[in-house]
Structures are given as C-alpha cells and as structure tokens.
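Each chain, written out:
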Amino acid sequence: MSRLPPQLPLEIFIDILSRLPVKPLLRFKSVCKSWRSLISNNPEFAKFHLERAKQDTSDSCHRLFLATFPLQSIDLQAYCDGDDSTATRELSYPLRSESELSFVGSCNGLIAAVLDSNPQIIVWNPSTGQSRELSMPSCCFPDDKLFSGFGYESHLDDYKVVRGSISASSSEVEMEVFNLKGNEWRRIPNLHCSAAFMGPATHLNGILHWLVEESYPDRRFVIVSFDLAEEKFLEMVTVPYHISQNWQLNLNVLKGFLCVCNGTYDPYYEAWIMKGYGPEASWTRLFSFCSDPLPGCKYCLQVLWFAKNGNFLLAFDGWELVLFNPEEEIVKEFTVPNGWDYYEATAYIESLVSPNAGVEAQSGRVTV
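**Focus on the pattern of salt bridges**
Under the definition given, this model contains 13 salt bridges. Put simply, Glu 214 and Arg 220 hold a salt bridge, and the shortest N to O gap is 2.9 Å. The exposure class assigned to Glu 214 is buried, which follows from its relative accessible area of 13%. One salt-bridge network, in which partners are shared between bridges, spans Glu 44, Lys 47, Asp 157 and Lys 181.

Shown next, in the form of structure tokens:
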C-alpha cells in the first residue's frame, strides 16, 4: 500500500496514532509511505505523541533503563503489577559498541551517555533504536572536576549536552555546550561557580541541577543550577539541615518535582520537594515511610520510581532492585542479571523523539 487509506481524514489518523505506544507505532511504519514518513520523520508528530504520553494517567509509557551487560529496559507498570514475564527486555547496543555506559542525562525519551571503552558521547533513543555520536569537547583543566548534563531547551526547541570542568585552584569553569540542531560544541565564557560540583546533572524544566556536599567552613549540601536557555548559573540553594543531616543524599525527579532523598539506609526513608531558587526556595516533604521491612544496603540506596499505585522502585548498591509498597508492607527483591560489577539506572518515557532531528532537517536525510 503506497498511499494513506482514504476512509478517514489525515487528522483523524494522526489523533489515533498519537495515542499508541512506541512499539506498535514502529510496526505500523510498514502500512504505507505516509505513515512511515509521519512516524519516522516528522518532528511535530513526535512532539505531539510525547505530550500525549506525558498526559497519560497511567505509568504505561514509562520504563527503567539499566546500563548493564547486556543492556536492559524494564516496563515499570508491568514490573509494579508483578508481570515479570513481559516486564524486562534486552536492548541492542547503540553504535554496535558493547561498552559500559556512564549516564550524562535523560530527557523526553532520549538518553545521553559516555561510552567508556572509547570515550565518546552518544545521544540515544532506546525505544526507536536511533542514536547519534558526538565528538568529545576539548575543555579540561589539568586537575579537573568533570561535570556533564543533558536537557531540553523549549525556547529553541532543541536539546543541549553540557560538558565541562572546574579548576582545582580557582572557581573558574570551563564549559562547552552542544546543540543537537546546531551540531557543534560552543564554549561558554566567563563562568564562575563557588561550589566544586561534578558528575551528571538532574534535568527538570530546562534547568540542570547538581547536588554538592561542601565541608568548609561547615558541612552542608547545596544545589547548583544551570539555566539552559540563559546559559548561566542560578543562585545556589542550601539544603536545610533537617533534610541534609543524612550523610548521603540523592537528587531525583519524582512526580514532576525536583527531590532530595536519603542516600543510605535510615529508619525512615524520605523525599523532599524543592520549589524555587535562591532565597525564595521552599521545601515540602513528598513522602516518608518506615524502612524497617526493607533489606539493608551497605553503600547506596536510590529511589528510581514512585508509581501511581503507591509502589516504590528502589536500587540497592548498584546491583539489586527492590519493589516496596509501604502501606501494604510488600517487598519484592530482584537481582539484576549483569556482566559488569555495577550498573546505573534511570527512568525514561518512551517517545519518537529523534537524536538526529536537527541533522535530518538540514540534510534532507532520514536515519532509521
């Protein structure tokens, strides 16, 4: 079939297709050329489909990506419902490189990561299999604290990868930003930050966030934020002591909010929402539950997902997942099959967003 079936207007087909999960949509590309073009090479339809997925009242569009060997993806709704037979699927490696991945960030179904064996940055959509290799930026201090981030900038309708370092002897920041549409690294000059932040950022609403532990003059946690639109740092936020008295904390996005959570086993496991920046920042407790029914962890406890049915998905020490319902006191442990010694995990939403959209628009080519 080469043309769209004439029984219904195109707008009706678009409305119907935008409500479907990614997996059947990819199969429907073979129906006709018009559907293939719509699903594979239409950024506006990809955005429309993404917004529909975000409005979904269930957790059916959300998955958990595990940087294991082999790579795995978990259907969060099926996993929380106890359907182990369909919850987990193995993923093919991007760029055919079976290398360990270090996360840079996740946004709108795209995952940015560094391939460790041959250092390079990739932007990858695990739902569609599309990926894109980026050159590594040049900025680096000799005694550096490396940091990175990935997020969406709505004003330009573009995705940005951030990579840089902070001088060990001063507060000077070297930072380069890669715009996917611009297809090049740009250095951002005259940046300074008093906190020596490092590692991958947590993205929310066009802003990258890093959680930093400082020991001088007093021990405290602060949140460093970088606005992707303005390309500048916002005023830092100090985490209140009643939250930061735990010796290890994690920064997450839960229920659409930026949250600070316990990072180790405590009698009570809590998450606190941060709203606003600088002096206007406020904190509200999202949840608190007794962790006695949970198995103890030696090093790191991280909440990965807070389901609408009250289930929590937790990662223990980078090798085990625990599903916990505090109201029903149900605990389900799952050891992750993994050829590496450790794994990273991140939640993502299934989408049709292409990491190659900007390049395709400029070249007229489609990469599938």
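**Considering the packing of aromatic side chains**
Aromatic ring pairs are reported here in terms of the distance separating the ring centres and the angle at which the planes meet. Tallying each qualifying case throughout the model produces 21 aromatic pairs. Each ring, one from Phe 197 and one from Trp 210, has its centre 4.7 Å from the other, and the planes form 45 degrees; the classification is tilted. Here the residue Phe 197 occupies a position in the loop between β11 (184–192) and β12 (199–200), and Trp 210 occupies one in strand β14 (residues 207–214), the gap between them amounting to 13 residues. When the ring of Phe 287 is compared with that of Phe 312, the centres are 4.5 Å apart and the planes differ by 70 degrees; the resulting orientation is edge-to-face. Of this pair, Phe 287 sits in strand β21 (residues 282–290) while Phe 312 sits in strand β23 (residues 312–316), and the two are 25 residues apart along the sequence. Across the pair, Phe 312 and Phe 287 agree in class, each one buried. Feature note: the residues Tyr 269, Phe 287, Phe 289, Phe 306, Phe 312 and Phe 324 constitute an aromatic cluster, connected by ring pairs. Sitting above the plane of the Phe 306 ring, Lys 255 keeps its charged end 4.6 Å from the centroid.

**Observations regarding unusual backbone geometry**
Following Phe 69, the chain continues into Pro 70 via a peptide bond in cis, with omega recorded as 0 degrees. When you line up the elements, Pro 70 lands in the loop between β1 (62–66) and β2 (72–75). With phi around 60 degrees, Asn 190 is a residue other than glycine that occupies positive phi space.

**Considering the pairing of strand β19 (residues 257–262)**
Most of β19 sits inside the fold, with five of its six residues counted as buried. For strand β18 (residues 249–254) and β19, the ladder comprises six bridges, and the chain directions are antiparallel. The residue bridging Val 253 from the neighbouring strand is Leu 258, located in β19. Here β19 pairs with strand β20 (residues 268–275) via four bridges, running antiparallel. Its bridge partner being in β20, Cys 261 is matched across the sheet by Ala 271.

**Details of the sheet that holds strand β10 (residues 172–179)**
One open sheet holds the five strands; their spatial order is β11-β10-β9-β8-β12, and the pairing between them is mixed. Strands at the two margins of the open sheet, each flanked by one partner only, are β11 and β12. As paired strands, strand β8 (residues 145–153) and strand β9 (residues 158–166) are joined by nine bridges and run antiparallel to one another. Counted as the bridge partner of Lys 145 is Ile 166 from β9.

**Structural notes on the sheet that holds strand β24 (residues 320–325)**
Here four strands make up an open sheet; going across it, the order is β22-β23-β24-β25 and the pairing antiparallel. With partners counted over all chains shown, the strands left at the sheet margins are β22 (301–306) and β25 (330–335), one partner each. Strand after strand, the sheet turns through a mean of 25 degrees between neighbouring axes, direction not considered. Sheet topology note: the β23/β24 ladder contains five bridges and is antiparallel. Counterpart to Phe 312 in the pairing with β24 is Phe 324.

**Considering the confidence of the model for the chain**
Summarising the model, the chain shows a mean pLDDT of 84, and 90% of its residues fall at 70 or more. Predicted confidence in the chain is weakest over helix α8 (residues 357–363), with a mean pLDDT of 56, and strongest over strand β13 (residues 202–204), with 96. This stretch, residues 361–368, has a pLDDT under 50; its non-local contacts, to residues over four places away or in other chains, come to 12 contacts.

**Section: the environment of Ser 148**
Along the chain, Ser 148 falls in strand β8. Separated by 45 residues in sequence, Ser 148 and Phe 103 place their C-alpha atoms 9.0 Å apart. If sequence neighbours within four positions are ignored, Ser 148 has contacts with Val 104, Val 162, Arg 163, Gly 199, Pro 200, Ala 201 and Trp 210.

**Brief notes about the pairing of strand β26 (residues 345–349)**
Burial within β26 is extensive, with four of its five residues counted as buried. Where β1 and β26 come together, five bridges link them in antiparallel fashion. The partner of His 62 across the bridge, within β26, is Ile 349.

Parameters at a glance
- Residues numbered from 1 in each chain as written.
- Predicted model: local features only at pLDDT ≥ 70, side-chain atom pairs only at ≥ 80, totals over all residues.
- Heavy atoms only, no water.
- Salt bridge = Lys/Arg side-chain N within 4 Å of Asp/Glu carboxyl O.
- Buried < 20%, exposed > 50% of the residue type's maximum accessible area, 1.4 Å probe, protein only.
- Phe/Tyr/Trp six-rings, centres within 6.5 Å; stacked < 30°, edge-to-face > 60°.
- Helix = DSSP H or I, 4+ residues; strand = E, 2+ residues; numbered from the N terminus.
- Lys NZ or Arg CZ within 6 Å of the ring centre and 35° of its normal.
- Pairing = 2+ DSSP bridges.
- Axes fitted to C-alpha atoms, helices over the stretch in contact; angles between N-to-C directions.
- pLDDT = per-residue confidence, 0-100.
- Contact = heavy atoms within 4.5 Å.

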